[in-house]
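Architecture and fold: a report
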Amino acid sequence: MALISRWKADFPVFTQSDQPLYYLDSAASSLVPKVVADASYQYLLNEHANSHRGFYPLSAQLTQRIEDIRAQVANFINAPSADNIIFNSGTTAGIHLVANGLNRLKSGSGNIVISAAEHHANLLPWQQIAENSDIELRVVPLAASGQVDMPMLERLIDDNTLIVAVTHLSNVLGVENPIASIGKLTRQHGAFLLVDGAQFAAHGKVNVQALGCDFYVFSGHKLYSGHGSGVLFASDVAIAELAPVVLGGGMVNSVSVSDSAWATGVRKFEAGTLNAQAIIALSAGLSYLKQAEAEGAHTYLAELTQFTLDKLSAFGGINIYSVQQSKPQSIISFNLERVHSHDVAMVLAEHHIAVRAGHHCAQPLHHCLGVGSTVRISLGLYNQAEDIEQLLVGLETCRQLFIAR
Amino acid sequence: MSALYQQALLAHHQSPVGFNLDIKFDSAKSGHNPACGDEITVKVAVTDGVITDIAFEGDSCAICRASASIMCEQLKVTPFTQAKSIADKLIAGLESKENLSELLGDSYAPLNAVASFPIRAQCAQLPWQTFQLCFEELKP
Ligand SMILES: Cc1ncc(COP(=O)(O)O)c(C=O)c1O
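Residues numbered from 1 in each chain as written. Chains lettered and ligands numbered in written order. Predicted model: local features only at pLDDT ≥ 70, side-chain atom pairs only at ≥ 80, totals over all residues. Heavy atoms only, no water.

1. Concerning the domain arrangement of chain A
Residues and elements named next belong to chain A. Put simply, the rule reads: Annotation comment: domain bounds sourced from an automatic or database domain assignment. Contact between two residues is taken to exist if any of their heavy atoms lie within 4.5 Å; hydrogens are not considered. The term buried area refers to how much accessible surface (probe radius 1.4 Å) is lost by two components on association, counted for both of them together. Definition used for salt bridges: Asp or Glu carboxyl oxygen within 4 Å of a side-chain nitrogen of Lys or Arg.
In terms of domain boundaries, chain A breaks down into domain 1 (8-24 + 296-402) and domain 2 (36-290). Using C-alpha coordinates to define each centre, domain 1 is positioned 29 Å away from domain 2. Facing the 30 residues of domain 1 at the interface are 27 residues of domain 2. Across the domain 1 to domain 2 interface the summed buried area is about 2,100 Å²; carbon plus sulfur atoms make up 59%. Broken down residue by residue, the surface that domain 1 buries against domain 2 is led by Gln-329, Ile-331 and Leu-365, which jointly contribute 28%. At the boundary of domain 1 with domain 2, the tally comes to 0 salt bridges.

2. Regarding the site of the ligand
All names here are of chain A. Rules: The criterion for a residue being near a molecule or strand is simple. One of its heavy atoms has to lie within 4 Å of it. Side-chain atoms alone can form a polar contact between residues adjacent in sequence; in general such a contact is a pair of N or O atoms within 3.5 Å, and within protein one must be able to donate a hydrogen while the other accepts it. Here the accessible surface of atoms and residues is derived via Shrake-Rupley with a 1.4 Å probe, and residues count as covered only by protein chains that are part of the display. Put simply, the grid is 1 Å and covers the protein atoms alone, a cavity is a trapped set of points that fit a 1.4 Å probe, a pocket is an open set with protein on both sides within 12 Å along at least five of seven lines, and lining residues have an atom within 4 Å of a point. Pocket or cavity membership: a molecule qualifies when more than half of its atoms sit within 2 Å of the grid points of that site. Residues are grouped as follows: Ala, Val, Leu, Ile, Met, Phe, Trp, Tyr, Cys and Pro are nonpolar; Asp, Glu, Lys and Arg are charged; every other residue, Gly included, is polar.
Near the ligand the following residues occur: Thr-91, Thr-92, His-119, Ala-121, Thr-167, Asn-171, Asp-196, Ala-198, Gln-199, Ser-219, His-221 and Lys-222. In this structure, an oxygen atom belonging to the ligand sits 3.4 Å away from a main-chain N or O atom of Thr-91. One nitrogen or oxygen atom from the side chain of Lys-222 is found 2.8 Å from an oxygen atom belonging to the ligand. Within the complex, the protein chains bury 85% of what would otherwise be the 400 Å² of accessible surface of the ligand. Here the ligand occupies the second largest pocket. Residues of the shell around the ligand, tallied by class, amount to 2 nonpolar, 8 polar and 2 charged.

3. Describing the pattern of salt bridges
Rules: Numbering of helices and strands runs from the N terminus; a helix is a DSSP stretch of H or I covering at least four residues, while a strand is a stretch of E covering at least two. Remark: exposure states derive from per-residue accessible area (1.4 Å probe, protein chains only) relative to the maximum for the residue type, with buried under 20%, exposed over 50%, and partly exposed in between.
Considering all chains together, one arrives at 17 salt bridges over all chains under this definition. In this structure, Arg-120 of chain B engages Asp-343 of chain A in a salt bridge whose closest nitrogen and oxygen atoms are separated by 3.0 Å. Placement of the pair is Arg-120 of chain B in helix H5 (residues 118-138) and Asp-343 of chain A in helix H11 (residues 341-350), with the two residues belonging to separate chains. On the basis of relative accessibility, which here comes to 1%, the residue Asp-343 of chain A falls in the buried class. Ionic pairing is found between Glu-137 of chain B and Lys-29 of chain B, a salt bridge with its closest N-O pair at 3.4 Å. Note that Glu-137 of chain B is positioned in helix H5 and Lys-29 of chain B in strand S1 (residues 27-33), a separation of 108 residues in sequence. Residues joined by salt bridges that share partners form a network here, namely Glu-67, Arg-70, Arg-267 and Glu-270 of chain A.

4. A word on the packing of H11 of chain A against helix H13 (residues 385-402) of chain A
All names here are of chain A. As a reminder of what qualifies: Note on geometry: axes are lines fitted to C-alpha atoms, helical ones only across the stretch in contact, with angles between N-to-C directions running from 0 to 180 degrees. Every angle not falling under 35 degrees, over 145, or within 65 to 115 is termed oblique; those three ranges are roughly parallel, roughly antiparallel and roughly perpendicular. Handedness of a crossing follows from how the near helix is turned relative to the far one, being left-handed for an anticlockwise turn of less than a right angle and right-handed for a clockwise one.
Between H11 and H13, whose axes approach to 9 Å, the crossing angle comes to 125°. What the angle tells us is that H11 and H13 run oblique. In this structure, H11 meets H13 at a crossing whose hand is right-handed. Of the residues in H13, those in contact with Asp-343, Val-344, Val-347 and Leu-348 of H11 are Leu-391, Gly-394, Leu-395, Thr-397, Cys-398, Leu-401 and Phe-402. Class assignment for the residues of the contact of H11 with H13 results in 8 nonpolar, 2 polar and 1 charged.

5. Details of the nonpolar core
As a reminder, the rule being used: Only buried residues count toward a nonpolar core, which is a set of Ala, Val, Leu, Ile, Met, Phe, Trp, Tyr and Cys residues joined through side-chain atoms within 4.5 Å.
Counting residues in hydrophobic clusters, the biggest one holds 137 residues, and the most contacted among them are Phe-87, Tyr-216 and Leu-395 of chain A together with Tyr-5 and Phe-131 of chain B. The greatest single-element share of this core, amounting to 10 residues, is contributed by helix H9 (residues 276-294) of chain A. Domain assignment of the residues forming this core places at least three in each of domain 1 (8-24 + 296-402) and domain 2 (36-290) of chain A. Not counting residues up to four positions away in its chain, the partners in contact with Phe-87 of chain A are Ile-66, Ile-69, Arg-70, Val-73, Gly-230, Val-231, Glu-270, Leu-274, Ile-279 and Leu-282 of chain A.

6. Some words on empty space enclosed by the protein
Over the atoms, a rolled probe matching the size of one water molecule traces out where space is still vacant. All names here are of chain A. Under the convention used in this document: Grid points are joined across faces, edges and corners, and a volume is the space filled by probe spheres set on the points.
A full pass over the atoms with the stated rule returns 3 cavities of 30 Å³ or more. Its boundaries defined by the atoms lining it, the largest cavity holds a volume of some 60 Å³. Residue lining of the largest cavity: Ser-26, Ala-27, Ser-30, Ala-198, Gln-199, Ala-202, His-203, Lys-222, Tyr-224, Ser-378, Leu-379 and Gly-380, and that is the complete set. Of the residues contributing to the lining of the largest cavity, the split by class is 5 nonpolar, 6 polar and 1 charged. No fewer than three residues from each of domain 1 (8-24 + 296-402) and domain 2 (36-290) sit in the lining of the largest cavity.

7. A closer look at the sheet that holds strand S3 (residues 50-57) of chain B
Residues and elements named next belong to chain B. The cut-off we apply is this: Only strands that DSSP links by at least two bridges are regarded as paired with each other.
The strand order S1-S2-S3 describes an open sheet built from 3 strands, whose pairing is antiparallel. Here the strands that pair on one side only, and so sit at the sheet edges, are S1 and S3. Within this sheet the neighbouring strands show an average axis-to-axis angle of 20°, counted without direction. Note that strand S2 (residues 38-47) and S3 share 7 bridges and pair antiparallel. Bridge pairing in S3 links Ala-45 to Asp-53. The strands touched by helix H2 (residues 62-75) within the sheet are S2 and S3, with S3 carrying the most contacts at an inclination of about 165°.

8. Focus: the interface of chain A and chain B
Facing the 14 residues of chain A at the interface are 19 residues of chain B. Interface area for chain A against chain B, summed over the two sides, is near 1,400 Å², with a carbon-plus-sulfur share of 58%. At the boundary of chain A and chain B, one finds 1 salt bridge. Where chain A meets chain B, there are 7 residue pairs in polar contact (both at pLDDT 80 or more). Secondary structure elements with two or more residues in the side of chain A that touches chain B: H11 and H13 of chain A. It is H11 of chain A that contributes the most residues to the side of chain A that touches chain B, 5 residues altogether. In terms of residue class, the side of chain A that touches chain B is built from 6 nonpolar, 6 polar and 2 charged.

9. With respect to the packing of helix H1 (residues 34-47) of chain A against H9 of chain A
Residue and element names in this part refer to chain A. Two numbers describe how H1 lies on H9: the axes approach to 8 Å, and their chain directions differ by 150°. On the basis of the axis angle, H1 is roughly antiparallel to H9. The two elements H1 and H9 cross, and the hand of that crossing is right-handed. In this structure, H1 contributes Val-35, Val-36, Ala-39, Ser-40, Tyr-43 and Leu-44 to the contact, and H9 contributes Ala-276, Gln-277, Ile-280, Ala-281, Ala-284, Gly-285 and Tyr-288.

10. Re the packing of aromatic side chains
Centre-to-centre distance and the angle between the planes together describe a pair of aromatic rings. As a reminder, the rule being used: Side-chain rings of Phe, Tyr and Trp (the six-membered ring for Trp) are treated as a pair once their centres are within 6.5 Å; stacked means planes under 30 degrees apart, edge-to-face means over 60, and tilted covers the remaining angles. Here, a charge over a ring is recorded when the distance from Lys NZ or Arg CZ to the ring centre is within 6 Å and its angle to the ring normal is within 35 degrees.
Per the counting criterion, the structure on display carries 16 aromatic pairs over all chains. Ring geometry for Phe-80 of chain B versus Phe-135 of chain B: centroids 4.8 Å apart, planes at 55°, classification tilted. Taken as a pair, Phe-80 of chain B in helix H3 (residues 80-95) and Phe-135 of chain B in helix H5 lie far apart in primary sequence, 55 residues in all. The class of Phe-135 of chain B is buried, set by a relative accessible area of 7%. Geometry around Phe-14 of chain A places Lys-8 of chain A over its ring, the cationic atom sitting 4.7 Å from the centre. Taking NZ or CZ as reference, Arg-104 of chain A lies 3.8 Å from the ring centre of Phe-192 of chain A, over its face.

This is how it looks when you write it as structure tokens:
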């Protein structure tokens, strides 16, 4: 089995320094290929202006470019139309827009359902609503599979459920939730479904219509696109119920000192100057990812994940919290028995290995796992067997340093 | 082999002094480092202004544990107010990246390298900050 990446050479960071880099932290931010950096650079040199404002060609062309990218993003997640795509700064911002803009959440009663595996970005906004109103926050536990416990979910959703907000792919366990089934259940009760796609978007084909969700959120920086871009998909029904949260330039049809009329369509959710540089990078990143997918990226990464799981199991003395799945999903959290995750991460850093250690912004999930923190490795297109071999060298050093014989 | 985890520090990590909460105590306090999840409980017994016993326990990283071990080793049978001033110095010394063995003596040498890793300096400070809470409760 030749687990050598055909994409690694696309990422200049690996040849930039004489120090090696074993980057196993793509779930935090994936690295950026040269084509994306080039697109950003060309934009800044030749196309930079304020979009959606000017009558001169530079601005008008940029406006057109951004609207084309809106269509490209719609296509990426199979949204019905570009009019369902709202640009913002990331997943956190997208969830915030929904939590603070949805009319039904202002009624002050009912309930919101989330899962125990949520990233704080998909927990704290709902928690705050519950604290400030009579709306109840219900948290569905996880089944042994690491997925949302479906029978429990069925019990917790009722006709007073306003919205269900769950992650598509856990950023700690790497487990994919059965979103389409959750969507069905949600619709039966007239609730909205928000899916946190921050992790999944890099790892599988997203089809928001097949999933049956009303909102789907993700961030460009986990999609090889650098920082600054985010996408909120909202269905037509959802948009009709969503009020703008951030108010300002570019989102209105007419304004007087006493009264304003919002622009129609998604532009009313995009007040202020759009981050065109980040949106153009996102476009280049999505094209790059699409090409890689056509070249077999998903299968490659599933094989590499399985290889990693097998190696870690064989190493011994490691508690792996990710559950075996038919299609392993590039994220593995573990602890070396009797060694704190931060000590592991420090020693790995001395071996030029980048991992994440801590609670990964998912403290409630760590409570469920019964641990304070974990080491997380997450794979990207540039990873290959060599990275995992080096990881094992680093872990062996940890074992020698910390575990008294 | 490792810049941070030198033998002397690892020795404290592997056989920590005072890792035993089963002591008679006058004050028990818990400390928590939200940045990394370290949790520690420190207990002290003070008689006639002198620390007669001090112990710790918790789920923490090697740096925190070694620092707590050094604390228990150094503060036992020390006048309470003098112990407080050692804690103040150590916390400030880690903050300003001072050489701890020059500042406080050779027993603190295992922590010298920690100051160069600002995120981990917090881990070394935690036991001492928790001890300061005990001091606040019992202070003469
Ligand atoms: C599942 C999940 N949700 C939300 C976020 C937050 O994303 P961002 O920091 O880009 O807003 C992350 C990333 O850390 C994540 O993994």
